[in-house]
Amino acid sequence: MGTVNGMNLTLLDKIGITKSLAWGYLGILIFMMGDGLEIAWMSAYLQGRGMSVEQTASLYTAYGVTVTIASFLSGVLAEAFGPRKIMFTGLLVYIIGTSSFIAFGLAELNQGTMLLTYALRGFGYPLFAYSFMVWINYRSPKHKLGAAVGWFWFVFTGGLNVLGAYYSIWAIERFGHIGTLWTSIFWVCVGAMFAIVMNRDKLELKSSSMSTRAKLKELTKGFTILKREPKVAIGGVVRTINTTSQFAFPIFLPIHMANYGISINTWLTMWGMIFTSNIVFNVIFGIVGDKLGWRNTVIWFGGVFAGISTLLLFYMPIWTNGNLVLVFIAGMFWGASLAGYVPLSALVPSLVKEDKGAAVSVLNLGAGLPVFVGPALVGVLYEPMGASGLIWMLAILYFISAILTVFIQLPAKEKDEAEKVNLEAMEKTV
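As annotated in an unreviewed UniProt entry, the chain is Alpha-ketoglutarate permease from Peribacillus simplex. Recorded in UniProt for the chain, the comment headed Subcellular location (unreviewed entry) runs: "Cell membrane".

### Re the nonpolar core
Judged by nonpolar contacts, the single largest core of 110 residues is most densely connected at F152 and W271. By residue number, the principal contributor to this core is helix α8 (residues 145–198), which donates 18 residues.

### Side note on a nonpolar patch on the surface
A surface patch of nonpolar side chains, amounting to about 340 Å² of accessible area, comprises F88, L92, I96 and L120. Counting residues per element, the nonpolar patch draws most heavily on helix α5 (residues 83–106), which supplies three residues. Assignment of secondary structure puts L120 in helix α6 (residues 111–121). The exposure class of L120 is partly exposed, given its relative accessible area of 32%.

### Regarding the packing of aromatic side chains
Following the criterion strictly, the structure yields 34 aromatic pairs and no others. Relative to Y118, the ring of F101 lies with its centre 4.8 Å away and its plane at 40°, an arrangement referred to as tilted. Note that F101 is positioned in helix α5 and Y118 in helix α6, a separation of 17 residues in sequence. Given a relative accessible area of 1%, Y118 falls into the buried group. Considering the side-chain rings of F252 and Y382, the 6.2 Å spacing of their centres and the 50° angle between planes classify their relative orientation as tilted. With F252 in helix α10 (residues 230–258) and Y382 in helix α15 (residues 356–405), this pair connects stretches of sequence that are 130 residues apart. Following the ring pairs from residue to residue traces out a cluster consisting of F249, F252, W267, W271, F275, W334 and Y382.

### Focus: the pattern of salt bridges
Applying the stated criterion across every chain yields a total of two salt bridges. A salt bridge links R121 to E38, with the nearest nitrogen and oxygen atoms 3.1 Å apart. Remark: E38 occurs in the loop between α2 (22–36) and α3 (42–48) and R121 occurs in helix α6; sequence separation between them is 83 residues. The partner of R174 in a salt bridge is E173, with the nearest N and O atoms 3.8 Å apart. Taking the relative accessible area as the measure of exposure, R174 reaches 48% and is therefore partly exposed. Since its relative accessible area comes to 58%, E173 is described here as exposed.

About the cut-offs
- Residues numbered from 1 in each chain as written.
- Predicted model: local features only at pLDDT ≥ 70, side-chain atom pairs only at ≥ 80, totals over all residues.
- Heavy atoms only, no water.
- UniProt positions renumbered as here; feature names shortened; annotations may be inferred.
- Core = buried A, V, L, I, M, F, W, Y, C linked by side-chain atoms within 4.5 Å.
- Buried < 20%, exposed > 50% of the residue type's maximum accessible area, 1.4 Å probe, protein only.
- Helix = DSSP H or I, 4+ residues; strand = E, 2+ residues; numbered from the N terminus.
- Patch = residues over 30% accessible without salt bridge, like charges linked within 9 Å, V, L, I, M, F, W, Y side chains within 5 Å.
- Areas by Shrake-Rupley, 256 points an atom, 1.4 Å probe, with all protein chains shown as cover.
- Salt bridge = Lys/Arg side-chain N within 4 Å of Asp/Glu carboxyl O.
- Phe/Tyr/Trp six-rings, centres within 6.5 Å; stacked < 30°, edge-to-face > 60°.

What follows is the structure, given as structure tokens:
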């Protein structure tokens, strides 16, 4: 690890990771691995112990509510009190919520306790990870900010959905399901050590001297911008649709896969492959967006491609009687399609000349809402519609997002300026 202070940091600077924050990126990767290790198997495990699909969906829905709240508030809290303090707060909340969930809720499947403690746990990762996003925005040079944020999503998704899934395959065989959950606390602490302790960067924010009233006024801009800038609101809706299926699928899709001979371990491997594809295409579609246009990329490689690949992922096991190669390919197509929405992070803030932070807050809200919306849709609609009905509804939502994105168009002047900034950033990065 000593090389982090030598040549490797120079290389990281070149690819867009700010030297002083290098440990933070590593910390986010490890923290999110610990946080996400149960995503792909928890629902199937609980249903195996006798809980219904609707009960597990309600658990994820409660979790999603707190994730949504914390996602929206993380930015303004980090600016008001400093990212390091809010990240530490997120760590503490995560530890308390997780340990209480395992010890008092999961052991006896007490539904009320499980809902309360799992919801408390939901405040943890947004406060930790999204506060670091604020840190990145302040510390990264403007000509490298796009790359810096891109690498944030690389480590965030890589830890949450890739390393978490692969680690679970290994850990469940050795520690069991509950034992594996206990190890998540160890991993988030390791991640926090790198991101908070090893990361020695000191960030002084002007907002720390603001009055409480001024801070509250800044917070309200995240709401008022929805009325003042309708295109920003549309961007938030599209961002919500982007990952709604990501949080709906783990609740019911493993059951569908099992009907065609695909075990939970195979499903975990597939989940890891899906998001390996996703993090690779996060970079690819970022480049494509600069070439073809941000809006066009979201419409075709996001909305349309996601709708088609969602249907393929569901029907491929049926059409091929569980052929793993073809099912895995369909899954990787779906993972790639989620990355087609990456240019939204450039498109939506470029819609406004001022209050770009408020526009980013709307995107953060859109990133948090799927954690609630996905499970809620399963809880409400699984019984009357069945798995196939849910799949078609999710696919239709993606097609709707493509139509909505047509209306998220930059004014001509802002479009020219945005393209000029992108070109200059690319040239400086190279």
